[in-house]
2 protein chains.
Amino acid sequence: MLEAKLQEAGLLKKLLDAIKELVTDANFDCNEEGINLQAMDNSHVALVVVKMESTGFKKYRCDRPMPLGVNLASLTKVLKCAKDDDTCTLKAGDGLDSLNLVYEAKNSDRIAEYDMKLMDIDAEQLGIPDTDYDARITLPAAEFTRIVKDLSLLGESVRIEVNKEGIRFVSDGEAANGSVLLKPTDGKVKIGDDDEEEEEEKEDEEDEDEDSAKAKKKAKKQKKVKKESNDDVEMNGDEENGNEEFTAKSDDEGEDEKEDDEEESEGSSKKRKKASSSKSKKPAKKAKTKKDDDEYSGGVDIAMNQHVTLTFSLKYLVNFSKSSSLSDSVQLMMSNDVPLLVSYSFESGYIRYYLAPKIGDD
Amino acid sequence: MLEAKLQEAGLLKKLLDAIKELVTDANFDCNEEGINLQAMDNSHVALVVVKMESTGFKKYRCDRPMPLGVNLASLTKVLKCAKDDDTCTLKAGDGLDSLNLVYEAKNSDRIAEYDMKLMDIDAEQLGIPDTDYDARITLPAAEFTRIVKDLSLLGESVRIEVNKEGIRFVSDGEAANGSVLLKPTDGKVKIGDDDEEEEEEKEDEEDEDEDSAKAKKKAKKQKKVKKESNDDVEMNGDEENGNEEFTAKSDDEGEDEKEDDEEESEGSSKKRKKASSSKSKKPAKKAKTKKDDDEYSGGVDIAMNQHVTLTFSLKYLVNFSKSSSLSDSVQLMMSNDVPLLVSYSFESGYIRYYLAPKIGDD
DNA sequence: TCCGTAGACG
DNA sequence: CGTCTACGGA
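Residues numbered from 1 in each chain as written. Chains lettered and ligands numbered in written order. Predicted model: local features only at pLDDT ≥ 70, side-chain atom pairs only at ≥ 80, totals over all residues. Heavy atoms only, no water.

For chain A, an unreviewed UniProt entry supplies the name DNA sliding clamp PCNA and the organism Pleurotus ostreatus. According to the UniProt record, the Sequence similarities (unreviewed entry) comment for chain A reads "Belongs to the PCNA family." (UniProt positions renumbered as here; feature names shortened; annotations may be inferred.)

Asker: Account for the sheet that holds strand 8 (residues 98-104) of chain A, naming residues and giving values.
Answerer: All names here are of chain A. Pairing in this open sheet of five strands is antiparallel, and the strands run 5-1-7-8-9 from one edge to the other. Taken across any chain shown, the strands that pair with only one partner, and hence form the sheet edges, are strand 5 (59-62) and strand 9 (111-117). Here the strands of the sheet are splayed against their neighbours by 15° on average, with no regard to which way each runs. Summarising the sheet, strand 1 (residues 2-6) and strand 7 (residues 87-92) pair through five bridges and their orientation is antiparallel. Residue Leu 6 lies in a different strand from strand 7, and its bridge partner there is Cys 88. Across the sheet, helix 2 (residues 72-80) lies against strand 8 and strand 9, angled at about 20° from strand 8, the strand it touches most. (Pairing = 2+ DSSP bridges. Helix = DSSP H or I, 4+ residues; strand = E, 2+ residues; numbered from the N terminus. Axes fitted to C-alpha atoms, helices over the stretch in contact; angles between N-to-C directions. Contact = heavy atoms within 4.5 Å.)

Asker: I'd like to hear about the sheet that holds strand 13 (residues 166-172) of chain A, residue by residue, with values.
Answerer: Ordered in space as 18(A)-12(A)-13(A)-14(A)-9(B)-8(B)-7(B)-1(B)-5(B), the nine strands form an open sheet in which the pairing is antiparallel. At either end of the open sheet lies a strand with only one pairing partner, and these are strand 18 (308-313) of chain A together with strand 5 (59-62) of chain B. Averaged over all adjacent pairs, the angle separating strand axes in this sheet is 15°, with direction ignored. Strand direction decides the pairing type here: strand 7 (residues 87-92) of chain B and strand 8 (residues 98-104) of chain B, joined by five bridges, are antiparallel. Looking at the pairing, Lys91(B) lines up with Asn100(B) of strand 8 of chain B. Sheet strands touched by helix 3 (residues 141-154) of chain A: strand 12 (157-163), strand 13 and strand 14 (176-182) of chain A together with strand 9 (110-117) of chain B. Its angle to strand 14 of chain A, the strand with the most contacts, is close to 165°.

Asker: Describe the confidence of the model for chain A, with residues and values.
Answerer: All names here are of chain A. Per-residue confidence for chain A averages 78 on the pLDDT scale, and 71% of its residues sit at or above 70. Taken together, the stretch residues 195-245 has pLDDT below 50 and engages in 107 contacts with residues farther than four places along the chain or on a different chain. Within the model, pLDDT remains below 50 along residues 249-293, and this stretch shows 88 contacts once partners closer than five positions in the same chain are excluded. (pLDDT = per-residue confidence, 0-100.)

Asker: Any chance you could break down the environment of Gly69(A) for me, citing the residues and the numbers?
Answerer: Residues and elements named next belong to chain A. Within the fold, Gly 69 resides in strand 6 (residues 66-71). Overall, Gly 69 belongs to the buried group, its relative accessible area being 2%. Gly 69 has contacts with Ala 26, Asn 27, Leu 118, Met 119 and Ile 121, leaving out every residue within four places of it along the chain. (Buried < 20%, exposed > 50% of the residue type's maximum accessible area, 1.4 Å probe, protein only.)

Asker: Please set out the interface of chain B and chain A residue by residue, giving values where relevant.
Answerer: With 16 residues of chain B in contact, the opposing surface of chain A contributes 16 residues. Taking both sides of the interface into account, the surface hidden between chain B and chain A amounts to around 1400 Å²; carbon and sulfur atoms contribute 50%. Here chain B and chain A share two salt bridges between them. On inspection of chain B and its partner chain A, the count reaches eight residue pairs in polar contact (both at pLDDT 80 or more). Where the side of chain B that touches chain A is concerned, the elements lending two or more residues are helix 2 (72-80) and strand 9 of chain B. Broken down by class, the residue content of the side of chain B that touches chain A amounts to seven nonpolar, one polar and eight charged. Bridging between strand 14 of chain A and strand 9 of chain B involves seven bridges; their strand directions are antiparallel. Bridge pairing in strand 9 of chain B places Gly178(A) opposite Tyr114(B). (Buried area = accessible area lost by both parts, 1.4 Å probe. Salt bridge = Lys/Arg side-chain N within 4 Å of Asp/Glu carboxyl O. Polar contact = N/O pair within 3.5 Å; in protein donor to acceptor, adjacent residues only side chain to side chain. Nonpolar A, V, L, I, M, F, W, Y, C, P; charged D, E, K, R; others polar.)

Put into C-alpha cells, the structure is as follows:
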C-alpha cells in the first residue's frame, strides 16, 4: 500500500517531461524511503535515475517495497490533467494493478481522480557505485542547455575537456567547428583531493591514485553480485577490467550507505574547499546536494583531480538538458573512460543521467 | 588578414536573419573601409547590398581586400551560438579557407570560438549608380512591414503610387482589394528639386528633367565598363535603353565620389527642405544616412520630383521588411521604370534591397 | 509565444 | 494510415 501526497503536481510533470522522450516504460520503485526510478533509455545507451525522497512529500506512506510499472506516455497524459499547483496524491494498493492519482486544487474546490493501469516491467535495479569523479563541475543549468544546443547545431558529438583552465566543450562539424570554454566563476579550478596532480591522464587502467583505486575497489565489491544482464552492456565498453559502472545489485541497500560514510570522513581530511565540496563532492549521495538551488549562486564551479577528456553524443546531452526546469544548476561528473553523470537536484530528490563516452573517433 | 571586433553579435545575427532567406551564399568583401556584401537573391530578381563600415566596429583591421565566401546557412548556425550582447570577433587569415568567430560574454567568463569553412564564390561586384530618385519616402519600418504583410494576404503584387497626396500601396486580389495611403506626417509632400512639376509623368524615356538626365548620364558613364554579366540581366528589363541600374564596376571608386560632390552643391541650391534632403537625398552615398535612427522621429516623410507608380512583388517586399529589426525607419526610393531601393540604415552601415518593378499587368 | 511542418510511433 | 510529439520559423 502506497500513499504519497505531493504538494505540487508540477514536480512530477516536470520529471516526466524530462524523461518521457528517453524512456517509454519504467518502474517507480516505492519503498519507505521514497520513490526511485531507474531505467535505461530506449536504445540502451543512457541510464536515467530519479529519486524522490519521502521527505519531499506532504504525506508519505509505503508499507512495503512495491515496484509500479508505468507507461510514461500514459502517466504523462494523466499528469496533463493536473494543474502545476494542484496537490497530487498517488495511491496504489498491494494487489492492484493500477495507480490512483488524485489532484486537488489549492482552494480544494476541485478534486480530480484518475486511475492509471500499471504494467509488469522486469527491469532489474542496477547498482550504481558511488564513484569519486576526477572532475566535478557545477554550472547554471541554462548555460549547459545553451552550450549543448549550440554545439548540436554543428556536430553530432562533443568533446568535454576539464583542465586547469576550466571546462571546454568542443564539437567538430561539417560546416564549422565550435569550442566553448567556461572558466570557474571565482577564477580558480579546485585541483585534486589526493597527492597526485599529473599533467596528462591515463588512457587506461594504470591510474592507481587514491580515489580511483577506491572506486574500483567498490566496483569490485559490487561485482560479486553482478548478474549477466544486458542492460548495462552498452554502458560498459570494458566489461571485464574491473571498471564496471553499473551492476545489478543485491537487495541489501546498506552497502552503499556504509561506503558513503567511509568516504565522508576521508573527504573531510582532504584539501577540498568547503564551498565546493558541499556542492559537488558527493554527487551520488542523497541529501548532499539537496537544496542546491537555494544556495546556488549562478556561477561555475570546477573541482578536479586530474585532467579529463571525454566525448559524448550531443543528442543525449540535449535531451538531458530538458531537466533544466527542475533546477537552476546542473552537476557534471566525469572521470576518464567512465560514463558521464549529469545531475539535477531539486528539493528532496534528483534526476540523474549516465552516459557512456564515445570511444575512439566515432 | 582580417580582424574585426563587433560590440554586439546581435547586429550580425539580425543582418543574417534579414538576408538568409533571400541568398544562400555570398562574399563578405572586406577591405580597410569595412565589410560589404552584395548578392543577387537566389532567383536573381532582387539585389541585396550590405555595408558595415569599419567605424562601426570596436576594433577593425584589414590589411588588404579579401572576399570571404560564406554559406549563409552555416554562418547563421554559427551565429545562433552567440548571445545578442556577446562581443563577436571575426578573424580570417590571408591564406586560410576558414573564418574564425570568437564570442565573449559581457562578463567574459564564457568564451566561445568557432571556425567556419569558407568557400570560393565567383560573384562579381556590381556597380550601383548613385541614382537620384524621383520619389524618396521615409517611413517607420514597422509601418512598412505591416503594410506589405497585410497586402500580401490579398494579392501577389502591390502597386505603389507616390503623388502629392502621399504614398499609396494598392493590391488587387481574388477575394479583396486593398489600398493603404500614408500621408506625410507634416502634411506636405516635398515636391521637386527641379523646375518641372508636371501632373502625369513619363511612361518611357521622355523625361529629361535635370536630375534624371544627370542620372542617365551617370549610368552611361558607368556603362563603359559594363561587362556581359548574367547577374544583372533580370534586373534590367531594358538592357539597351541607357537605363541600366547595375553594372559590373571598375576598381575605380573615385568616380562615384566625384558625382556625389557635384550633386550636393546642386541640391543645396534647390528648394528641398534641409531635413528631408539630409535624410533621403543621397541614399546610395555612405555616411549620409548614418545614424538615421538617432534622429528619426517616427513620422512619414515624402519628397518627390514627379509622380511615380510602380508595381512590385509583395513576396520580396515582405522579405525585405525582415530588416526592421535593424532600424526604426526605412527609406523607399523610386523612379519610374527603375528598380525600387529599400534601405535600412543602422549605426555605421546599412542594408539595401533593389527590386525591379513588374512590367505590364503580371 | 504560438503556429505549422516534419518525423516517429501505434 | 492516422495520431501524437518534437522542432523550427514567424
